[in-house]
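Chains, contacts and geometry: an overview
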Amino acid sequence: MKTKNILLEIICLLLVVLFVYAATNKMFDFVNFKRQLGESPLLGDFSNVVAWFIPTIEIIIAFLLVIPKFKAWGLYASLILMSLFTIYLFIILNFVPREDIPCSCGGILNKMGWKAHIYFNLFFVIMAATGIKVHSYQKKHKIIYPTTG
Amino acid sequence: MKSKFLKIGLPLFAFMFAILLSSFTVNDVTITGYYDNPNITGIETQETECALTGTGALCLKVIGPFESYQLYATDELDTIEDNELKVVIP
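Since the structure is predicted, the reported quantities are computational estimates derived from the model, not experimental observations. (Residues numbered from 1 in each chain as written. Chains lettered and ligands numbered in written order. Predicted model: local features only at pLDDT ≥ 70, side-chain atom pairs only at ≥ 80, totals over all residues.)

Comments concerning the overall build of chain B
The test is simple: Segments assigned H or I by DSSP are reported as helices when at least four residues long, segments assigned E as strands when at least two residues long, and all are numbered from the N terminus. Partly exposed residues are those falling between the two cut-offs: more than 12 but fewer than 20 other C-beta atoms within 10 Å of their own, whereas 20 or more means buried and 12 or fewer means exposed, with C-beta atoms placed from the backbone. Contact criterion: two residues are in contact if their C-beta atoms, reconstructed from the backbone, are within 7 Å.
Each helix and strand in chain B was counted, giving 1 helix and 4 strands. The N-to-C order of helical and strand elements in chain B reads α-β-β-β-β. The buried share among the 90 residues of chain B stands at 19%. For chain B, restricting intrachain contacts to residue pairs at least 6 apart in sequence, the fraction spanning at least 24 positions comes to 51%.

Structure, rendered in C-alpha cells:
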C-alpha cells in the first residue's frame, strides 16, 4: 500500500519537473520558441496564441499536481497534454515531408531527434496513466496517505 | 514534521530544480555553418547564429577587408538548393 503512495508521489514529482522545466525553458527563450512554432506546418498559423498557451497550461498542470485536492485533475490533464504532444510528433514524423522542422521543445529536449522524443513522451504518457490508476485505486479503497493529506 | 516536508518541501524542491535546470540549458541557437575558401583545401566550418529559415540577409564568413564567403547549412554547399544560411530576424 505504502509502495503505491510512494509511486504516485514519484510520478507526480517527475511530471512536475517535466512541465516546469519545459515551460520555463520556453519562456526563457520565448523568441526562439515562437519562431520554431511559426515554422511548424500544423501550428504555424496559430503560433502567437500557442506560444503563450503551451507554457501557461504546463505551469497550471504542475500546480494541479502538487495540490492534493486537484491531483487527479493534474494527472488527467498530464495524460491529455502528453498524448496530444505525442500525436503531434507522430504526425510530424510520418506525414510531413520536411524532417528538418525544428522541434519547438525546450532545452535538452530540443537535442533529441523526433523519434527519441516520441519514446520520451510515451514514457510520460504511461507514467500519467499509471498515476491515474493508482490514484483511482486509492480513492476507491478510501486510502488516506500522509504525503498528499 | 515529516509529512509537512513531503507536502511542501518536495514539490517546492521539484519546482526549484526544474527552474534551475531550465536556466542552465536554455536553447543554444548556434549551429555550424560551412563555407569554401578556395585558398584552403577542403571545406571550412564556422559557428553561427544564422539559420536556413532566417529571413534576413545572407550570412557570410568575412575574412579581412576583401574576402567573404557564403555560409551554408551543410557541407554540400551550393550543390543543393536552398542551402544558404540567412540572418534570423526575431
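Now that the structure is up, let's keep going.
Details of the overall build of chain A
Counting secondary structure elements, chain A contains 5 helices and 0 strands. Looking at chain A as a whole, 34% of its 149 residues are labelled buried. Pairs at least 24 apart in sequence give 73% of the contacts found in chain A among residues at least 6 apart.

So, the confidence of the model for chain A
Low pLDDT means the predicted atomic positions in that stretch should not be read closely. How we decide: pLDDT measures how confident the predictor is about each residue, on a scale from 0 to 100.
Across chain A, the average pLDDT comes to 83, with 83% of residues at or above 70. By mean pLDDT, the top-scoring element of chain A is helix α3 (residues 47-66) of chain A (92), and the lowest-scoring one is helix α2 (residues 30-38) of chain A (77).

Remarks on the nonpolar core
Note the following rule: What we call a nonpolar core is a set of buried Ala, Val, Leu, Ile, Met, Phe, Trp, Tyr and Cys residues whose membership is set by joining through C-beta atoms within 7 Å.
Membership of the largest hydrophobic core comes to 27 residues, with the highest contact counts inside it found for L15(A), V16(A), F19(A), V20(A) and L65(A). Looking at this core, the elements with two or more residues in it are α1 (2-28), α3, α4 (71-95) and α5 (114-140) of chain A together with α1 (2-24) of chain B. Looking at this core, the element that brings in the most residues is α1(A), giving 11 residues. Ignoring any residue separated from it by four or fewer positions in sequence, one finds F19(A) in contact with E58(A), I61(A) and A62(A). Membership of the second largest hydrophobic core comes to 9 residues, among which are Y35(B), C59(B), A73(B) and L85(B).

Topic: the confidence of the model for chain B
Residues and elements named next belong to chain B. Per-residue pLDDT for chain B has a mean of 83; in total, 92% of the residues score no lower than 70. Mean pLDDT across the elements of chain B ranges from a minimum in α1, with 83, to a maximum in strand β4 (residues 67-70), with 89. On the interface metric, ipTM, the complex scores 0.78, and its pTM is 0.70.

Some thoughts on the UniProt feature "transmembrane region" (unreviewed entry) in chain A
All names here are of chain A. As a reminder, the rule being used: UniProt positions are given in the numbering used here, feature names are shortened, and annotations may be inferred rather than shown by experiment.
Summarizing the sequence annotation, UniProt attributes the feature "transmembrane region" (unreviewed entry) to residues 46-66, 73-96 and 116-134 in the numbering used throughout. Secondary structure content for residues 46-66 is 95% helix and 0% strand, while the C-alpha to C-alpha distance between its ends is 30 Å. Across residues 73-96, helical content stands at 96% and strand content at 0%; the span's end C-alpha atoms are separated by 33 Å.

Remarks on unusual backbone geometry
All names here are of chain B. Non-glycine residue L77 carries a positive phi angle of around 50°. With respect to the helices and strands, L77 occurs in the segment after β4. Positive phi, normally seen in glycine, also occurs at D82, with a value near 50°. By the element assignment, D82 lies in the segment after β4. Look at D82 and you get exposed, because 6 C-beta atoms sit within 10 Å.

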